[in-house]
Amino acid sequence: MRRLRWLLGLFALVVAGCDETPQQSAAEAMQKRLVGTWLREYEEQGTAVRRVLVLQAQGSFSESSLAVQPADQPPIRSESSGEWTFDGTNLKRRYLRINGKPLSAPTMPYATFALSFPSRYEFIGVDHVRKLEVRYQRVGDGTQP
């Protein structure tokens, strides 16, 4: 009987220590899976665009892009950085710097995309506010736009 009480007490301690729900664990696992380098390529009004998004484990991100315009116009480069989170459904980015310049309220842009994962190496994001869908593919660290 004493052993049974001891085992029940031990079980209660183990269960009490498990404060994460399965949903939290799944969201954290997906957030870890998002860490890395992602590439988005698309064309907009005759301009070819490559965006490289790097999501760091500690919650920061950097994004660089190269837009190659038609004719003799020079390419346009852009760099931005900020903070990111994933809540299990939405990838949320808060931009803190654009082209080396710090941003401050009220001009702190945010981007929120509901994610789906067609494969381990890509994700699709939908911005329901701007009615925009984006597709990123995982690429190697150090990839340039």
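Rules and cut-offs
Residues numbered from 1 in each chain as written. Predicted model: local features only at pLDDT ≥ 70, side-chain atom pairs only at ≥ 80, totals over all residues. Heavy atoms only, no water. Salt bridge = Lys/Arg side-chain N within 4 Å of Asp/Glu carboxyl O. Helix = DSSP H or I, 4+ residues; strand = E, 2+ residues; numbered from the N terminus. Buried < 20%, exposed > 50% of the residue type's maximum accessible area, 1.4 Å probe, protein only. Core = buried A, V, L, I, M, F, W, Y, C linked by side-chain atoms within 4.5 Å. Contact = heavy atoms within 4.5 Å. 1 Å grid on protein atoms, 1.4 Å probe; cavity = no way out; pocket = protein on both sides within 12 Å on 5 of 7 lines; lining within 4 Å. Points joined across faces, edges and corners; volume = space filled by probe spheres on them. Nonpolar A, V, L, I, M, F, W, Y, C, P; charged D, E, K, R; others polar.

Draft legend 1. The arrangement of the pattern of salt bridges in detail. Applying the stated criterion to the full structure yields 7 salt bridges. Measuring nitrogen to oxygen at the nearest pair gives 3.0 Å for the salt bridge that ties arginine 94 to glutamate 83. Taken together, the positions of arginine 94 in strand β5 (residues 90–98) and glutamate 83 in strand β4 (residues 76–86) put the pair 11 residues apart, joining distant regions of the chain. Accessibility expressed as a relative area gives 38% for glutamate 83, which makes it partly exposed. Across the pair aspartate 87 and lysine 92 runs a salt bridge, and its minimum N-O distance is 3.3 Å. Several salt bridges share partner residues, and in doing so they unite Arg51, Glu63 and Arg93 into one network.

Draft legend 2. Quick look at the nonpolar core. Core analysis: the largest hydrophobic core is formed by 15 residues, its most contacted members being Leu34, Trp38, Leu55, Trp84, Leu91, Leu115 and Phe123. Where this core is concerned, the elements lending two or more residues are β2 (47–55), β4, β5, β7 (110–119) and β9 (132–139). The biggest single contributor to this core is β7, with 3 residues. Setting aside its immediate chain neighbours within four residues, phenylalanine 123 contacts Leu34, Trp38, Leu91, Leu115, Ser116, Phe117, Pro118, Val134, Arg135 and Tyr136.

Draft legend 3. Quick peek at the side chain of serine 80. For serine 80, the location among the structural elements is in strand β4. For serine 80, a relative accessible area of 11% corresponds to the buried category. Setting aside anything within four residues of it in sequence, one finds serine 80 in contact with Phe61, Ser62, Glu63, Tyr95, Arg97 and Ile98.

Draft legend 4. Highlighting the side chain of serine 65. For serine 65, the location among the structural elements is in strand β3 (residues 60–68). Other than its neighbours up to four places away in sequence, serine 65 contacts Arg50, Arg51, Ile76, Arg77, Ser78 and Pro145.

Draft legend 5. Highlighting the layout of surface pockets. A volume near 490 Å³ is recorded for the largest pocket. In this structure, the largest pocket is lined by 23 residues; those nearest its centre are Arg40, Tyr42, Arg51, Glu63 and Arg130. Breaking the lining of the largest pocket down by element, the ones donating at least two residues are β1 (36–44), β2, β3, β4, β5, β7 and β9. Of the residues in the lining of the largest pocket, the class split is 12 nonpolar, 5 polar and 6 charged.

Draft legend 6. Focus on unusual backbone geometry. You will see that asparagine 99, though not glycine, has its phi angle at about 50°, which is positive. Along the polypeptide, asparagine 99 turns up in the loop between β5 and β6 (101–102). Positive phi is not limited to glycine here, since lysine 131 has a value of about 55°. As for its placement among the helices and strands, lysine 131 is situated in the loop between β8 (122–127) and β9. Since its relative accessible area comes to 72%, lysine 131 is described here as exposed.

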